[in-house]
Amino acid sequence: MTTTDLAALPPPFVFTFPGVYAPQHDTRLLMRALQDEHIAPGTRVLDLGTGSGALAIRAAQLGARVTAVDLARRAVATARLNAWFHRRRIDVRRSDLTAAVAGRTYDLLLCNPPYVPSPDPGLPGHGAARAWDAGSDGRLVLDRVCDGARAALRPGGVLLLVHSGLSGTGRTLERLSRAGLRATVVHRAVVPLGPVLRSRQVWLRQQGLLAPGATTEELVVIRARRP
């Protein structure tokens, strides 16, 4: 497991339409983990919740055959635009996680899901918050990714998943293990609280998710392999 310097990891330049998640600290950390993987020509990669498409583009630059999905129409349009700008052939589809590619399997899954704990117990139906809010414990999407990853992986395939420690790193490791994957934390980074977390510090402390006076959060990348 490595503590990573995110400043040394600029993502590809991408455009973002209003309401689409722009590359941030978690994008950079997941990109670092991606670059640790052996991407051979023809490696099949699925980017779940692609947002701007930055991770899909980097995977394509490394030689992978990439499919990218997102539930938000603006994100799909943004990822297609950025793939065109970078001259990368990426199959971008509108999909709720793997619904649009059911039955297909991949060598590598990338996922930067919504994971921020929210006072609203449900998922937002629209707007920018759909890219980060994930219920009162931040796990409404994380748990679905953990439960569904094995079926989307070929034997020996790998899931790379990034999220905040506020959402429960141990819970993710346990859930992936129960799903039949061998999971470990491969990267960590401590970053300043962003504007969303700062805006709900009082609530997070009331829930026991944030220590009094805390001004940072830990991000983790979990690598889970299908035997």
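You'll find the structure just up there.
A brief look at the structure comes next.

Parameters and conventions
Residues numbered from 1 in each chain as written. Predicted model: local features only at pLDDT ≥ 70, side-chain atom pairs only at ≥ 80, totals over all residues. Heavy atoms only, no water. Helix = DSSP H or I, 4+ residues; strand = E, 2+ residues; numbered from the N terminus. Rg over C-alpha atoms; globule rule 2.2 N^0.38 Å. Buried < 20%, exposed > 50% of the residue type's maximum accessible area, 1.4 Å probe, protein only. Contact = heavy atoms within 4.5 Å. Areas by Shrake-Rupley, 256 points an atom, 1.4 Å probe, with all protein chains shown as cover. Lys, Arg positive; Asp, Glu negative; His and termini not counted. Charge placed at Lys NZ, Arg CZ, Asp CG, Glu CD. Phe/Tyr/Trp six-rings, centres within 6.5 Å; stacked < 30°, edge-to-face > 60°. Lys NZ or Arg CZ within 6 Å of the ring centre and 35° of its normal. Salt bridge = Lys/Arg side-chain N within 4 Å of Asp/Glu carboxyl O. Pairing = 2+ DSSP bridges. Right-handed = clockwise from strand over helix to strand, strands pointing away. Core = buried A, V, L, I, M, F, W, Y, C linked by side-chain atoms within 4.5 Å.

A look at the overall build of the protein
Check the secondary structure of the protein and you find seven helices and eight strands. For 227 residues, the compact-globule estimate of 2.2 N^0.38 gives 17 Å, and the protein sits close to it at 16 Å. Principal axes of the C-alpha set define a box for the protein whose edges measure 50 × 40 × 35 Å. With 227 residues in all, the protein has 49% of them scored as buried. Counting contacts in the protein only where the partners sit at least 6 residues apart, residues at least 24 apart contribute 70% of the total. For the protein, the exposed surface amounts to about 10500 Å²; the carbon and sulfur share of it is 52%. Taken as two groups, the 30 positive and 17 negative side-chain charges of the protein have centres that lie 6 Å from each other.

Some points on the packing of aromatic side chains
Aromatic ring pairs are defined here through the distance separating the ring centres and the angle between the ring planes. Summed over all chains, the structure comprises three aromatic pairs. Arranged with centres 5.2 Å apart and planes meeting at 80 degrees, the rings of Phe13 and Phe15 form a pair that is edge-to-face. With relative accessibility at 51%, the residue Phe13 sits in the exposed group. We classify Phe15 as partly exposed; its relative accessible area is 33%. Counting every residue linked through ring pairs, the aromatic cluster contains Phe13, Phe15 and Phe85. The lysine or arginine in question, Arg44, covers the ring of Tyr106, its NZ or CZ lying 4.9 Å from the ring centre.

Digging into helix 2 (residues 54-61)
Along helix 2, seven of the eight residues are buried, which leaves the element largely enclosed by surrounding structure. When helix 2 is considered as a whole, its buried residues turn out to be Ala54, Leu55, Ala56, Ile57, Arg58, Ala59 and Ala60. Gly63 sits one or two residues past helix 2 and shows a positive phi near 110 degrees.

Digging into the environment of Pro23
With respect to the helices, strands and loops of the structure, Pro23 is situated in the loop between strand 1 (2-3) and helix 1 (25-36). Distance from Pro23 to Arg89, taken between C-alpha atoms, is 20 Å for residues 66 residues apart in sequence.

What to know about the pattern of salt bridges
Throughout the structure, instances matching the rule amount to twelve salt bridges. In this structure, Glu37 engages Arg223 in a salt bridge whose closest nitrogen and oxygen atoms are separated by 2.7 Å. Note that Glu37 is positioned in the loop between helix 1 and strand 2 (44-48) and Arg223 in strand 8 (residues 216-225), a separation of 186 residues in sequence. The exposure class assigned to Glu37 is buried, which follows from its relative accessible area of 18%. Exposure remark for Arg223: the relative accessible area of 27% places this residue in the partly exposed category.

Topic: the pairing of strand 4 (residues 90-94)
Two strands pair when backbone bridges link them, and strand 3 (residues 65-70) and strand 4 are joined in this way by five bridges, in the parallel orientation. If you follow Val66 over to strand 4, its bridge partner there is Ile90. Chirality of the crossover, the property in question, places the unit of strand 3, helix 3 (residues 73-85) and strand 4 among those that are right-handed.

A few points about the nonpolar core
In terms of nonpolar packing, the biggest core is built from 63 residues, with Val66, Ile90, Leu108, Leu109, Leu110, Leu159 and Leu160 touching the most fellow members. Excluding residues within four positions of it along the chain, Ile90 makes contact with Ala56, Ile57, Ala60, Val66, Ala68 and Ala83.

Focus: the side chain of Ser118
Tracing the backbone through its elements, the reader meets Ser118 in the loop between strand 5 (106-111) and helix 4 (142-152). The buried category is assigned to Ser118, whose relative accessible area is 4%. In contact with Ser118, other than residues within four places in its own chain, are Asp133, Gly135, Ser136, Arg200 and Trp203.

A few points about the side chain of Thr169
Take Thr169: it is sitting in helix 5 (residues 169-178). Take Thr169: its relative accessible area is 13%, and that puts it in the buried class. When near neighbours in sequence (up to four residues on either side) are disregarded, Thr169 contacts His163, Val185, Val220 and Ile222.

That is the geometry; function is a separate question.
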